[in-house]
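One letter stands for each residue in the lines below.
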Amino acid sequence: MISCDKASEICNKSQYKEAGFWDIWKLRFHILFCKHCSSHTKKNTYLTALCEKANLHTLSAKEKEAIKQRIKEQANS
Amino acid sequence: MPTNVLHPDTWVDKYADYLFNYAVSRVNNAELAKDLVQETFFAGLKSAPNFKGDAAERTWLIAILKRKVIDHYRKINSKKGKAEVKIDFAADSEEGDWLEKRVADNQDRDGEAFLENEELGDAIYGCIEKLPTKQAQVFKMKTIQGMDTEDICNELGINPSNLWVMIHRARTALMGCLNDNWF
């Protein structure tokens, strides 16, 4: 059986669809017997659902740089 | 005694994403939201000498942004005709000829759900801000921007193991924070 650390790593990767098929099986098997990881996996999956529901937005590094530049210009003018 | 001090040099790195998310969810237009965030920073710089230090920096900037959003809606509503709600009762071949059928449906929770999502977004961003800078950056790139692991590693000069450790720490901290502030 995989360790809790490994289970947590697979769980995180699976939130971004980057976990392999067998890894997901290993995780499922692990959480059958590990209450702590089972609870962590539930919460982690719920966090993903919340982030999707909230439809979060962010500025790219380029956009931030452009704003910084404009602020600098404004401060100097 | 006022304890808060402004640090305009760090505004963009610390608050731009939070303010942008706040603005997008209220005006529903990314370009416009970006302009409003920029105007908020300009207005903040202009009125920085009047900052009394009673409110936290972010609270103060959000208050300015709120005014900007309200001003935006005032401006578009003041343009003649745009604020009018036109209901043509006569020319109707569709269903719902009776006025009662046009009244808001109590069962329709779309509006309420929308408000809840706005608040949820604010709560998540509030928690992201409490993360260490690098963790927050990696989390945002991976979760919000949906970037590939390889691209993030190349951009930040880290290896995939570092990335997953940071993601793990960020997600664990966020779960704890949301548990305290949202549920």
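Thresholds, definitions, all that
Residues numbered from 1 in each chain as written. Chains lettered and ligands numbered in written order. Predicted model: local features only at pLDDT ≥ 70, side-chain atom pairs only at ≥ 80, totals over all residues. Heavy atoms only, no water. UniProt positions renumbered as here; feature names shortened; annotations may be inferred. Phe/Tyr/Trp six-rings, centres within 6.5 Å; stacked < 30°, edge-to-face > 60°. Helix = DSSP H or I, 4+ residues; strand = E, 2+ residues; numbered from the N terminus. Buried < 20%, exposed > 50% of the residue type's maximum accessible area, 1.4 Å probe, protein only. Lys NZ or Arg CZ within 6 Å of the ring centre and 35° of its normal. Expected span 1.5 Å × (residues − 1). Polar contact = N/O pair within 3.5 Å; in protein donor to acceptor, adjacent residues only side chain to side chain.

Naming follows an unreviewed UniProt entry, where chain B appears as RNA polymerase subunit sigma-70 of Croceivirga radicis. In UniProt, chain B has this text filed under Sequence similarities (unreviewed entry): "Belongs to the sigma-70 factor family. ECF subfamily."

By the naming in an unreviewed UniProt entry, chain A is Glycine dehydrogenase, taken from Croceivirga radicis.

J.: Is there a simple way to explain the packing of aromatic side chains in this structure?
T.: Ring pairs (aromatic) are described by centroid distance and by the angle formed between their planes. Residue and element names in this part refer to chain B. All chains considered together, the criterion is met by seven aromatic pairs over all chains. Their ring planes at 50 degrees and their centres at 6.2 Å tell us that Trp11 and Trp60 sit as a pair that is tilted. Taken together, the residues span a long stretch of sequence, with Trp11 in helix α1 (residues 11-27) and Trp60 in helix α3 (residues 57-78) at a distance of 49 residues. A single burial state applies to Trp11 and to Trp60, both of which are buried. Here the aromatic rings of Tyr18 and Tyr125 are separated by 6.3 Å at their centres, their planes lie at 85 degrees, and the arrangement is edge-to-face. With Tyr18 in helix α1 and Tyr125 in helix α4 (residues 110-128), this residue pair connects regions lying 107 residues apart in the sequence. Judged by its relative accessible area of 9%, Tyr18 is buried. Connected via pairs of aromatic rings, a cluster forms that spans Trp11, Phe41, Phe51 and Trp60. Directly above the ring of Tyr22 sits Arg26, whose terminal nitrogen or CZ lies 3.7 Å from the centroid. One Lys or Arg, Arg58, reaches over the ring of Tyr18 and ends 4.1 Å from the middle of that ring.

J.: Please explain the UniProt feature "domain: RNA polymerase sigma-70 region" (unreviewed entry) in chain B as it appears in this structure.
T.: Cross-referencing UniProt, the feature "domain: RNA polymerase sigma-70 region" (unreviewed entry) maps to residues 12-75 of chain B in the present numbering. The annotated region residues 12-75 of chain B carries 83% helix and 0% strand content, and the separation between its end C-alpha atoms amounts to 26 Å.

J.: It is not clear to me how helix α2 (residues 30-47) of chain B should be interpreted in this structure. Could you clarify?
T.: Side chains that are three or four residues apart share a direction in an α-helix, a result of its 3.6 residues per turn. Residues and elements named next belong to chain B. An ideal rise of 1.5 Å per residue puts 26 Å on 18 residues; α2 measures up with 25 Å between its terminal C-alpha atoms. Listing the buried residues of α2 in full gives Ala33, Lys34, Leu36, Val37, Gln38, Thr40, Phe41, Phe42 and Gly44. Its side-chain oxygen placed 3.1 Å from the backbone nitrogen of Glu31, Asn29 serves as the N-cap of α2.

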